[in-house]
Amino acid sequence: MVIRVEPGTERDFIGYGADLPRVEWPGGARVAVSLCLNYEEGAEHSLLDGDSVNEWVGEISYTPTSAEHRDLSQESVYEYGSRAGAWRLLRLFDRTQTPVTVYGCAEALARNRPLTRAFVDAGHEICSHGLRWREPSGMTEDEERAEIRQAVATITELCGERPVGWYSRYAPSDRTRRLLVEEGGFRYDSNAYNDDLPYWVQVAGQRHLVVPYTHTYNDGRFAFSPGYGNPTDFFENCRRGIQYLWEEGETSPKMISIGLHARLIGQAGRASALRDLIAWAQDLPGVWFARRRDIADWWHHHYSDLPAHGGQ
């Protein structure tokens, strides 16, 4: 079998290697902490929206025996995120004055305009998480291009400004990054999990910034096995990650991403672990809580001359 590789998507196993850039974050911070709230509620797979399957990612492990019937239990889990969980998290971020990036699916944001307005009014970043929570690898190029354009248009209309970042569901297609560059207006994408620092790639003759994301420090592990047994597991996993990178940051500052979902960490007991994590990190000197667009802007302004690394 011959695998055709999109130009510029070859794999890069080296990255910065031993030649880490000497990063200086604002205020001399040792570590940049990026909280990412994935807002997908209302954009997941749904028979009501014409999908052939119900959404399978959730805390309820069973599914209806007939694929022709809606999964009302799963639907209600997602509704919790939009009806209660997201508002609880917004109140927490407000109390702690913590800026976050919202990975927002355009249709999910459109279905809860009061919440979207609250995100924007609080100063949080809306990064595009696609039009719906669908896998780009299952689309044709024309379909993916159209979804990118529609997502940008919808978020711009809802928020009053276009998104400058992009994060696809799970894995991008091998053409996603080229289409983002073609669309224009994106300062970064987060369609990679392969580094502790942003890095440049060369795409279609242009330099493009990648701000890597993670599944390691992520509340999604409440819904998967093996995963978190209790909220303290989430707290301790993230705390240890921040602590270790903070120690490294004495000589080599890094960044850490923490993935959140309103339907998961928005549950009260779990939200208490996030509250404790934020409080602990804010008491640690040299921690910079930043939106991803802030990290991207800092990299554009201070590290634009770093060489580009190939691959996804």
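Conventions and cut-offs
- Residues numbered from 1 in each chain as written.
- Predicted model: local features only at pLDDT ≥ 70, side-chain atom pairs only at ≥ 80, totals over all residues.
- Heavy atoms only, no water.
- Salt bridge = Lys/Arg side-chain N within 4 Å of Asp/Glu carboxyl O.
- Helix = DSSP H or I, 4+ residues; strand = E, 2+ residues; numbered from the N terminus.
- Buried < 20%, exposed > 50% of the residue type's maximum accessible area, 1.4 Å probe, protein only.
- Contact = heavy atoms within 4.5 Å.
- Phe/Tyr/Trp six-rings, centres within 6.5 Å; stacked < 30°, edge-to-face > 60°.
- Lys NZ or Arg CZ within 6 Å of the ring centre and 35° of its normal.

In the nomenclature of an unreviewed UniProt entry, the protein is known as Peptidoglycan/xylan/chitin deacetylase, PgdA/CDA1 family of Micromonospora rifamycinica.

> Sorry if this is basic, but what is going on with the pattern of salt bridges here?
Opposite charge on two side chains allows them to pair when their charged atoms are near. Counted according to the given criterion, the structure contains 23 salt bridges. The closest approach of N and O atoms between Glu75 and Arg70, which form a salt bridge, is 2.8 Å. Of the charged contacts in the structure, one is a salt bridge between Glu147 and Arg134, with a shortest N-O distance of 2.6 Å. One end of the pair, Glu147, is in helix 4 (residues 141-159); the other, Arg134, is in the loop between strand 3 (125-128) and helix 4, with 13 residues separating them in the sequence. Its relative accessible area of 14% is what places Glu147 among the buried residues.

> Looking at this structure, I do not really get helix 5 (residues 176-183). What am I missing?
Structurally, the α-helix is built with 3.6 residues per turn, so residues lying three or four positions apart point the same way. Among the residues of helix 5, those classed as buried are Thr176, Arg177, Leu179, Leu180 and Val181. Those residues of helix 5 hidden inside the fold are in contact with helix 4, strand 4 (165-166), strand 5 (188-189), strand 6 (199-203) and strand 7 (206-210). At the C-terminal side of helix 5, Gly184 shows a positive phi close to 80°.

> Where do I start with the packing of aromatic side chains in this structure?
Two aromatic rings, taken as a pair, are described by how far apart their centres are and by the angle between their planes. Following the criterion strictly, the structure yields 16 aromatic pairs and no others. Centre to centre, the rings of Tyr78 and Trp133 are 6.5 Å apart; their planes meet at 50°, and the pair counts as tilted. In this pair, Tyr78 is assigned in helix 1 (residues 72-96) and Trp133 in the loop between strand 3 and helix 4, connecting sequence segments 55 residues apart. Like Tyr78, the residue Trp133 is buried in the burial classification. Above the plane of the ring of Trp246 lies Arg30, whose end atom (NZ or CZ) is 4.0 Å from the centre. Above the ring of Trp200, the side-chain terminus of Arg207 is found at 4.7 Å from the ring centroid.

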